[in-house]
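# Structural features, examined
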Amino acid sequence: MKVALITGITGQDGSYLAEFLLEKGYCVVGMVRRTSTIDYSRIAHIQGQIELTHGDLLDQGSLYEVFDTYRPDEVYNLGGQSNVQLSWNQAVLTAESTALGVARLLDCLRQVTPQARFYQASTSEMFGEANESPQTIYTRFNPRNPYGVAKVYGHLIVRNYRQRHGLFAVSGVLYNHESPRRGLDFVTRKITYGVAQIKQGLATQLRLGNLDAQRDWGFAGDYVRAMWLMLQQEQPEDYMVGSGQLHTVRDFCRIAFEIAGLDYRKYVVEDPAFFRPAERFPLLADPRQANVELGWVPQVGFEALIEMMVKADLAALKA
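These remarks concern the structure in this document. (Residues numbered from 1 in each chain as written. Predicted model: local features only at pLDDT ≥ 70, side-chain atom pairs only at ≥ 80, totals over all residues. Heavy atoms only, no water.)

Among all positions in helix 8 (residues 249-259), only Val249, Phe252, Cys253, Ile255, Ala256 and Phe257 are buried. The first or second residue beyond helix 8 is Gly261, which carries a positive phi of 75°. (Buried < 20%, exposed > 50% of the residue type's maximum accessible area, 1.4 Å probe, protein only. Helix = DSSP H or I, 4+ residues; strand = E, 2+ residues; numbered from the N terminus.)

Most of strand 2 (residues 27-32) is tucked away, with 5 of its 6 residues classed as buried. As judged from the 5 bridges shared by strand 1 (residues 3-7) and strand 2, these two strands associate in the parallel manner. Of the residues in strand 2, the one forming a bridge with Ala4 is Val28. Following the chain from strand 1 across helix 1 (residues 12-23) to the adjacent parallel strand 2, one finds a crossover that is right-handed. (Pairing = 2+ DSSP bridges. Right-handed = clockwise from strand over helix to strand, strands pointing away.)

Interaxial distance between helix 6 (residues 187-199) and helix 10 (residues 302-318) falls to 8 Å at its minimum, and their mutual angle equals 45°. Judged on the interaxial angle alone, helix 10 and helix 6 are oblique. Handedness of the helix 6/helix 10 crossing: right-handed. Here Thr188, Arg189, Thr192, Tyr193, Val195, Ala196, Gln197 and Lys199 of helix 6 come into contact with helix 10, specifically with Met309, Val310, Asp313, Leu314 and Leu317. Taken together, the residues of the contact of helix 6 with helix 10 sort by class into 7 nonpolar, 3 polar and 3 charged. (Axes fitted to C-alpha atoms, helices over the stretch in contact; angles between N-to-C directions. Parallel < 35°, antiparallel > 145°, perpendicular 65-115°, else oblique. Left-handed = near helix turned anticlockwise from the far one by under 90°. Contact = heavy atoms within 4.5 Å. Nonpolar A, V, L, I, M, F, W, Y, C, P; charged D, E, K, R; others polar.)

So, about the nonpolar core. Counting 61 residues, the largest nonpolar core has Ile6, Leu21, Val28, Tyr76, Tyr119 and Ile191 as the members making the most contacts within it. Considering each element in turn, this core owes the most residues, 8 residues, to helix 7 (residues 220-230). Not counting the four nearest positions on each side in its chain, Val28 is found in contact with Ala4, Ile6, Ile9, Ala18, Leu21, Leu22, Ile50 and Glu51. Counting residues in each nonpolar core, the second largest holds 24 residues, with Val75, Val112, Ala116 and Leu167 among its members. (Core = buried A, V, L, I, M, F, W, Y, C linked by side-chain atoms within 4.5 Å.)

The next point concerns the layout of surface pockets. Taken as a whole, the second largest pocket holds about 170 Å³ of empty space. Taken together, Ile137, Tyr138, Arg159, Arg162, Pro236, Glu237, Asp238 and Gln289 make up the full set of residues lining the second largest pocket. (1 Å grid on protein atoms, 1.4 Å probe; cavity = no way out; pocket = protein on both sides within 12 Å on 5 of 7 lines; lining within 4 Å. Points joined across faces, edges and corners; volume = space filled by probe spheres on them.)

The parallel open sheet is built from 7 strands, whose spatial order is 3-2-1-4-5-6-11. A single partner strand is all that each edge strand has here, and the edge strands are strand 3 (51-54) and strand 11 (239-241). On average, each strand axis in the sheet is inclined to that of its neighbour by 25°, with strand direction left out of account. Sheet topology note: the strand 5 (residues 117-123)/strand 6 (residues 168-174) ladder contains 7 bridges and is parallel. Looking at the pairing, Phe118 lines up with Ala169 of strand 6. Where helix 1 meets the sheet, it contacts strand 1, strand 2, strand 4 (74-77) and strand 6, and its direction lies at approximately 170° from that of strand 1. In the packing of helix 7 onto the sheet, the strands contacted are strand 4, strand 5, strand 6 and strand 11, and the crossing angle to strand 6 comes to about 155°.

Here's what the structure looks like:
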């Protein structure tokens, strides 16, 4: 039985990946930090099927102990500080966990389990103010926040360890991927939860930023499948993972409110306080290489994703 180590297992992606790997017959080990406020809600339904261990991306010693104890065959690094706005207030913590945490993991892998395969969660935020659209694996990085900067370091250190030490270490450049397990601090979940609140009479309006902002959105459950496929290839390669389609925040709002039988124009307020700088080239993936070489295509479309999220939030509030 293969052993898979997942950092960030309590997050959205970690929970979907753990489910996927369990279905594939893996022994799943999830690494969590030893704190008094860990939220296990996303993995509560599978907690009896996985093994949890304590480790910290800021503590090299704890990582060595995890690698030495479990000897993983595959390592999926989904951990680290991942909130874009929070990265401005916690820039050093973001660098320590999201950037240097990758180097610490790779060094453990190199010294303890060099035959293991390593996946790094890269992000479209690395392109920031992109110079072209869609972006490919060769597009120049130009991050606009500390989170994006930290992710660039993580992406490049994976490439360097692969080239220098011959490790099977790859990065997946994932674009926005959502689900009912998405945190409320992300705009998509803010919208679907806001719809549910308004439908239940718990709110009268929803304040958002630029409704014409465009994003490449997909379903998190589809994207974790791409992570696994990258580690099953003969040669290590980095891939772009996205839908290859752009939709506006306005599109998302319109569909979400329609699912609840509401007109978004009566409830949504554009608030300049939430506006981001204008983007000349929107963040849009070119996933053709993943489509062809990995055989990966998204199974959940844009409207189906929104319906899934709205219905989940409506059900949660009713309960």
